[in-house]
Structures are given as structure tokens and as C-alpha cells.
Amino acid sequence: QRHLVESGGGLVQPGGSLRLSCSASGFRIEYYAMNWYRQAPGKEHELVATITSGGDSTNYADSVKGRFTISKDDSKNTVYLQMNSLKPEDTAVYYCHCTIYGWGQGTQVTVSS
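Everything numeric in this text was worked out from a predicted model, so none of it was measured.

## Points about the side chain of threonine 91
- Residue position: threonine 91 is located in the loop between β8 (78-83) and β9 (92-98).
- Only 2.9 Å separates the side chain of threonine 91 from the backbone nitrogen of valine 111, close enough to count as a polar contact.
- What threonine 91 contacts, discounting residues up to four positions off in sequence, is Ala40, Pro41, Gln108, Val109, Thr110 and Val111.

## Some thoughts on the state of the cysteines
- Counted according to the given criterion, the structure contains one disulfide.
- Across the disulfide, cysteine 22 is cross-linked to cysteine 96 (sulfur-sulfur distance 2.0 Å). Measuring handedness by torsion sign, the sulfur bridge of cysteine 22 and cysteine 96 sits at about -80 degrees and is left-handed. With cysteine 22 in strand β3 (residues 18-25) and cysteine 96 in strand β9, this pair connects stretches of sequence that are 74 residues apart. Of the two residues examined, cysteine 22 and cysteine 96, each falls in the buried class.
- Take cysteine 98: it sits in no disulfide, and the sulfur closest to it among the cysteines is that of cysteine 96, at 8.2 Å.

Here is what the cut-offs are and how they apply
- Residues numbered from 1 in each chain as written.
- Predicted model: local features only at pLDDT ≥ 70, side-chain atom pairs only at ≥ 80, totals over all residues.
- Heavy atoms only, no water.
- Helix = DSSP H or I, 4+ residues; strand = E, 2+ residues; numbered from the N terminus.
- Polar contact = N/O pair within 3.5 Å; in protein donor to acceptor, adjacent residues only side chain to side chain.
- Contact = heavy atoms within 4.5 Å.
- Disulfide = S-S within 2.5 Å.
- Buried < 20%, exposed > 50% of the residue type's maximum accessible area, 1.4 Å probe, protein only.

Structure follows, in C-alpha cells:
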């Protein structure tokens, strides 16, 4: 079956960094645009970052521009989200997403002192 599995979340202090990973099974990410979404408490899913299948173009939510970087390693079939200068408002469950094959189960990121 086709699956996306996120990892790398956790508790981090404001200003800290985390790198999230999304490992795909059952399909090759090299053929699809991939996304990171997040959902904060009481909020709708928010598109955080997108990377094209070729890895040649990325897009970010205004709230994370300059702080987050989406990347991927096709040989590992894995998408990453490098999160720097984290703020408390970044606290959310982060989801890897493919338009065709759907969502992972999410990984919790909590930014707090």
C-alpha cells in the first residue's frame, strides 16, 4: 500500500530548529509535487511548503519564508522540512502530503520554553 510516514517532530525551544522527514512507500516521490501542511490547535490545515517533482521550484507560506526549507532526496524517497528560528506559533501537527496519494499521519511539533 502507498503510505507517507512523518518523523522528526518534538519539543523545541523558541529559536531552535528541527528537521522533519517524510518517507514514502509504494510510489516514487520523484514523479509528484510534495507538500508539507500543518494544523495548529483550533485551526484549519495550512499549506506550509511545496516542492515540485523535479525539485526545481519551491513555495512557502508567508509565515515561514526565510525560516523553513523544503527539500527532498529522491534516492531515499524522502521529503524534508528544515525548520529554523522556530516560534511558538509554529506549534502544530505537521503533515506530509501528496495530491495523488494523500496524507501521512502527522508529527507533532511543539515550540515552547
